[in-house]
Amino acid sequence: MPATTDPLLARRLANLGATLLLIAGIGACYALIPYYRDYFAVRPPALGERWRWWDVLLLVTTVYVSLLTFFYLFEPAPRTSKSVLCLRALKRLLTAPLATLRAGLPREERLGLLSILLKGYFAPLMIVWLFDHSAQLLAHARDLWAAWGEADGLALFNAHGFWLLFKLILFFDVFFFTLGYLIELPVLKNEIRSVDPTLFGWAVALACYPPFNGLTSQVFGWHTTDFPQFDHVGVHLAANAALLILMAIYSWASLALLFKASNLTHRGIVAHGPYRYVRHPAYVCKNLAWWIGLMPAAHAAAQVSVTALLAVLGSMAAWSTIYALRAITEERHLLSVDGEYAAYCQRVQYRFIPGVV
């Protein structure tokens, strides 16, 4: 009697093999692309001289692969993974006749391909940013504790207090996005149901992330700062307190998304937290914080000329326009794939500011 192959075991091994192959391929791409080779070779001071971003990525990847291996081998009811679907899509793109490709990839294969591209691009960035924010958060907490009682309150706020709160806020934001890109499970109800298939949707999103944001900054300029400085103490404290509040709401939006946090995807409609009031709370709060951070540069430009002031204001207006386009393309995507989003738009009528727009 010939030996029979366990179909579940075969699927488990196929899922695991495809995932490991794609992780290796993505790692090779990052190692070969000059920008990322240099970017991930940096030794962040907050992590100490022994660590580079490559070391952080290797450590996280090792742990991640170990967990994935356990998951795929012992998953109770394995389905065809997005990694397998991605490889099928790549094979079809490389081997299928042009006439066949004009009809488009099968829906599941397209979803697999776009999902892996999305995770492969965003996950490494989120991992290194998460470690960076964590290290800086701990460093500022340590330095604040050491300086407590030896400096006045304003000096403590400027040197450590603001940055401690700012990095704490960013930590929570990046934490949930990191989990969102790395973990996709039915039990968490965060499976990627669709990914924006449009070039324009991807373009306006990627324009805000490296390396593409460097080009965006060259075109539009970048004059805002995370910690604006003002001569008047009251204005200085009020402006930066407002900035922190806006960024806290920004992070609250990520907390509301929880394991569904990711760009360009549909993973289920979220209508709680700040999403009860506006449809894009994170975008509006981040941009309002940037406008506060722009105030010193705008003031300095106004002392030079009206043209210089308009250039500074126009730069920030261009960045805000990019985020408005991101909101519009995201809504177009969600409306095209889920009728529930149209109902959500009826309940929450404003994109950015309640009662205004």
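Calculation notes
- Residues numbered from 1 in each chain as written.
- Predicted model: local features only at pLDDT ≥ 70, side-chain atom pairs only at ≥ 80, totals over all residues.
- Heavy atoms only, no water.
- Helix = DSSP H or I, 4+ residues; strand = E, 2+ residues; numbered from the N terminus.
- Rg over C-alpha atoms; globule rule 2.2 N^0.38 Å.
- Contact = heavy atoms within 4.5 Å.
- Areas by Shrake-Rupley, 256 points an atom, 1.4 Å probe, with all protein chains shown as cover.
- Core = buried A, V, L, I, M, F, W, Y, C linked by side-chain atoms within 4.5 Å.
- Buried < 20%, exposed > 50% of the residue type's maximum accessible area, 1.4 Å probe, protein only.
- Phe/Tyr/Trp six-rings, centres within 6.5 Å; stacked < 30°, edge-to-face > 60°.
- Salt bridge = Lys/Arg side-chain N within 4 Å of Asp/Glu carboxyl O.

A few words now on the overall build of the chain. For the chain, the helix and strand inventory stands at 13 helices and two strands. Relative to the compact-globule value of 21 Å for 357 residues, the chain shows a C-alpha radius of gyration of 23 Å, a close match. Expressed along its principal axes, the backbone C-alpha trace of the chain runs to roughly 85 × 50 × 40 Å. Summarising the internal contacts of the chain: among those between residues at least 6 apart in sequence, 75% fall at separations of at least 24. Of the roughly 19000 Å² that the chain leaves accessible, carbon and sulfur atoms contribute 68%.

Looking now at the nonpolar core. Membership of the largest hydrophobic core comes to 73 residues, with the highest contact counts inside it found for Phe40, Tyr121, Phe122 and Met247. Within the residue set of this core, elements represented by two or more residues are helix H3 (53-74), helix H6 (107-147), helix H7 (153-182), helix H8 (199-206), helix H10 (233-257), helix H11 (281-304), helix H12 (306-337) and helix H13 (339-347). Sort the elements by how many residues they give to this core and H6 lands first, with 11 residues. If we skip the residues at most four places from it in the chain, Phe122 touches Tyr181, Leu206, Tyr209 and Asn263.

It is worth spelling out the packing of aromatic side chains at this point. Applying the stated criterion across every chain yields a total of 31 aromatic pairs. A centroid spacing of 5.8 Å and a plane angle of 20 degrees characterise the contact between Tyr36 and Phe40, whose relative ring orientation is stacked. Exposure remark for Phe40: the relative accessible area of 0% places this residue in the buried category. Where Trp290 meets Trp319, the ring centres are 6.3 Å apart and the plane angle is 75 degrees; that geometry is what we call edge-to-face. A residue pair is termed long-range when its members are at least 10 positions apart, and Trp290 in helix H11 and Trp319 in helix H12 qualify at 29 residues. Of the two residues, Trp290 and Trp319, both sit in the buried class. Here the aromatic residues Tyr121, Phe122, Trp129, Phe177, Tyr181, Tyr209 and Phe212 are joined through ring pairs into a cluster of three or more.

In this section: the pattern of salt bridges. Counted by the stated rule, this structure contains nine salt bridges. A salt bridge links Arg52 to Asp55; its shortest N-O distance comes to 3.7 Å. Judged by relative accessible area, Arg52 falls into the partly exposed class, the value being 29%. Through salt bridges with shared partners, one network takes in Lys82, Lys119 and Glu184.

Taken residue by residue, H8 has Gly201, Trp202, Val204, Ala205 and Leu206 as its buried positions. Contacts from the buried residues of H8 go to H6, strand E1 (194-195), helix H9 (212-220) and H12.

Right, let's get into the environment of Leu206. By secondary structure assignment, the location of Leu206 is in helix H8. Residue classification places Leu206 among the buried positions, given a relative accessible area of 15%. Along the chain, Leu206 and Leu264 lie 58 residues apart, while their C-alpha atoms are 10.0 Å from each other. Filtering out sequence-adjacent residues up to four positions away, Leu206 remains in contact with Tyr121, Phe122, Phe212 and Asn213.

Time to look at unusual backbone geometry. Cis rather than trans, the peptide bond between Pro210 and Pro211 has omega equal to 0 degrees. Along the chain, Pro211 falls in the loop between H8 and H9. Its identity as a non-glycine residue notwithstanding, Leu258 has a phi of 55 degrees, on the positive side. By secondary structure assignment, the location of Leu258 is in the loop between H10 and strand E2 (265-266).

Attention shifts here to the environment of Arg347. Inspection of the secondary structure puts Arg347 in helix H13. A residue is classified by how much of its surface remains accessible, and Arg347, at 55% relative accessible area, is exposed. Sequence separation between Arg347 and Tyr277 is 70 residues; the distance between their C-alpha atoms is 9.3 Å.

Remember that the coordinates give geometry; whether it matters functionally is a separate question.
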